[in-house]
Amino acid sequence: MTLLELRNLTAGYETGQILFGIDLVVEEDEVVSLLGRNGAGKTTTMRSIVGADEPYISGGAILFDGQNLLERRNYEISKLGLSFVPEGRRCFRELTVIENLELAANYALNPLRIETVLEQFPELNEMQNRQTKNMSGGEQQMLAIARSLVTNPQMMLLDEPCEGLAPYIVRRIESIIENINAEQNVTVLLVEQNVAVALAVADRHYILDEGRIVKEVTSERLHEDDTLRQKYLGI
Ligand code: ATP
């Protein structure tokens with residue numbers, strides 16, 4: 001079953017149009033990545049889906065679980081079961097691990113038990129009362145994912161979850177994403193600059209270039225095709 005569908009989506013900022021007709025489909029239980037160079041429009045696509053204040057959507061449709069998201073406000077969208085983990089983590093820095101998770105649970109329609117979520121994050125379980133600002137980048141990223149998971153989402157959008165993290169933490173985040181998908185049946189759309197991460201966790205990939213989807217490929221194809229990676233991803 002199709003869970004998320006973007007049809008001919010056009011969007012941009014006051015400074016100009018950025019997305020020029022995005023078509024993208026994510027089936028239930030898939031892990032799909034959205035790849036592309038800096039400035040290709042990946043974050044703009046994510047923000048369009050979740051109804052952030054910016055960008056402005058000028059055309060097309062976004063359907064989630066059969067509902068038109070363009071008619072919904074940002075807070076309604078999270079209640080439909082779509083959760084966004086933005087770039088740069090953005091947990092409340094002065095709050096502790098447990099306080100951040102409680103806050104997320106309070107706003108959710110049908111939250112999971114915090115203890116249940118923490119079972120999957122032993123690192124966080126051991127630092128429940130630590131203030132977020134005193135945690136490493138990797139720990140903060142785990143908290144951002146845990147906070148999203150507490151809301152019991154049907155689908156999670158992750159914007160560059162591994163950016164700036166050490167390789168061993170990147171492996172850990174990859175396995176968390178795999179677990180969330182396999183054990184908790186959360187469908188995932190992942191934005192990445194790091195193709196290795198996308199290849200490790202996603203089944204299918206959309207390549208975005210200058211606001212247009214230029215390719216849709218399987219992991220096998222992306223792995224084999226050096227020319228494709230060089231042309232659109234610069235590697
Ligand atoms: P990155 O990895 O750098 O985040 P990206 O593919 O996610 O790249 P976007 O962040 O979507 O790209 O940016 C696409 C274009 O939109 C860029 O040219 C960027 O400068 C522009 N842009 C992003 N946010 C805004 C904004 N709030 N106002 C105006 N222009 C913006």
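Residues numbered from 1 in each chain as written. Predicted model: local features only at pLDDT ≥ 70, side-chain atom pairs only at ≥ 80, totals over all residues. Heavy atoms only, no water.

- Under an unreviewed UniProt entry, the name given to the chain is ABC transporter ATP-binding protein, and the organism recorded is Haladaptatus pallidirubidus.

1. Here's the deal with the packing of helix H3 (residues 97-107) against helix H6 (residues 137-150)
Inference 1: For the pair H3 and H6, the least separation of the axes is 8 Å and the interaxial angle reads 30°. In terms of their interaxial angle, H3 and H6 are classed as roughly parallel. Crossing angle aside, the handedness with which H3 passes H6 is right-handed. Note on element contacts: H6 touches H3 through Leu143, Ala146, Arg147 and Val150, opposite Val97, Asn100, Leu101, Ala104 and Ala105.
Inference 2: A per-class count over the contact of H3 with H6 returns seven nonpolar, one polar and one charged. (Axes fitted to C-alpha atoms, helices over the stretch in contact; angles between N-to-C directions. Helix = DSSP H or I, 4+ residues; strand = E, 2+ residues; numbered from the N terminus. Parallel < 35°, antiparallel > 145°, perpendicular 65-115°, else oblique. Left-handed = near helix turned anticlockwise from the far one by under 90°. Contact = heavy atoms within 4.5 Å. Nonpolar A, V, L, I, M, F, W, Y, C, P; charged D, E, K, R; others polar.)

2. So, the packing of H6 against helix H7 (residues 167-184)
Inference 1: One way to put it is that H6 packs onto H7 with a least axis distance of 10 Å and a crossing angle of 10°. The pairing of H6 with H7 is recorded here as roughly parallel in orientation. Counting all contacts with H6, which are made through Gly138, Gln141, Met142, Ile145 and Leu149, the residues of H7 involved are Ile169, Arg172, Ile173, Ile176, Ile180 and Gln184.
Inference 2: Residue composition of the contact of H6 with H7, by class: seven nonpolar, three polar and one charged.

3. Thoughts on the nonpolar core
Side chains that are nonpolar tend, in soluble globular proteins, to be buried together.
Inference 1: In this structure, Leu101, Phe121, Leu124, Ile145, Met156, Leu158 and Ile173 are the most contacted members of the largest nonpolar core, which totals 38 residues.
Inference 2: Every element with two or more residues in this core is listed here: H3, helix H4 (114-118), H6, strand E7 (155-159), H7, strand E8 (187-192) and helix H8 (195-201).
Inference 3: Sort the elements by how many residues they give to this core and H6 lands first, with seven residues.
Inference 4: Sequence-distant contacts of methionine 156, that is, excluding residues within four places in its chain, are made with Ser83, Val85, Ile145, Ser148, Leu149, Ile180, Val186, Thr187, Val188 and Leu189.
Inference 5: In terms of nonpolar packing, the next biggest core, distinct from the first, is built from 26 residues, Leu19, Val32, Leu69 and Met155 among them. (Core = buried A, V, L, I, M, F, W, Y, C linked by side-chain atoms within 4.5 Å. Buried < 20%, exposed > 50% of the residue type's maximum accessible area, 1.4 Å probe, protein only.)

4. Things to note about the site of the ligand
Inference 1: Near the ligand you find 15 residues, and of these Asn38, Gly39, Lys42, Thr43 and Thr44 are the closest.
Inference 2: Within the backbone of glycine 41, an N or O atom sits 2.9 Å from an oxygen atom of the ligand.
Inference 3: In this structure, an oxygen atom belonging to the ligand sits 2.5 Å away from a side-chain N or O atom of threonine 44.
Inference 4: Protein contact buries 64% of the 620 Å² of open area that the ligand shows by itself.
Inference 5: For the shell around the ligand, the element with the most residues is helix H1 (residues 42-50), which contributes three residues.
Inference 6: Each residue belonging to the shell around the ligand can be placed in one class, and the counts come to three nonpolar, seven polar and five charged. (Near = heavy atom within 4 Å. Polar contact = N/O pair within 3.5 Å; in protein donor to acceptor, adjacent residues only side chain to side chain. Areas by Shrake-Rupley, 256 points an atom, 1.4 Å probe, with all protein chains shown as cover.)

5. Notes on H6
Inference 1: Compared with an ideal rise of 1.5 Å per residue, which puts 14 residues at 20 Å, H6 spans 20 Å between its outermost C-alpha atoms and is within 8% of the ideal.
Inference 2: Just past H6, the residue asparagine 152 takes up positive phi, approximately 60°. (Expected span 1.5 Å × (residues − 1).)

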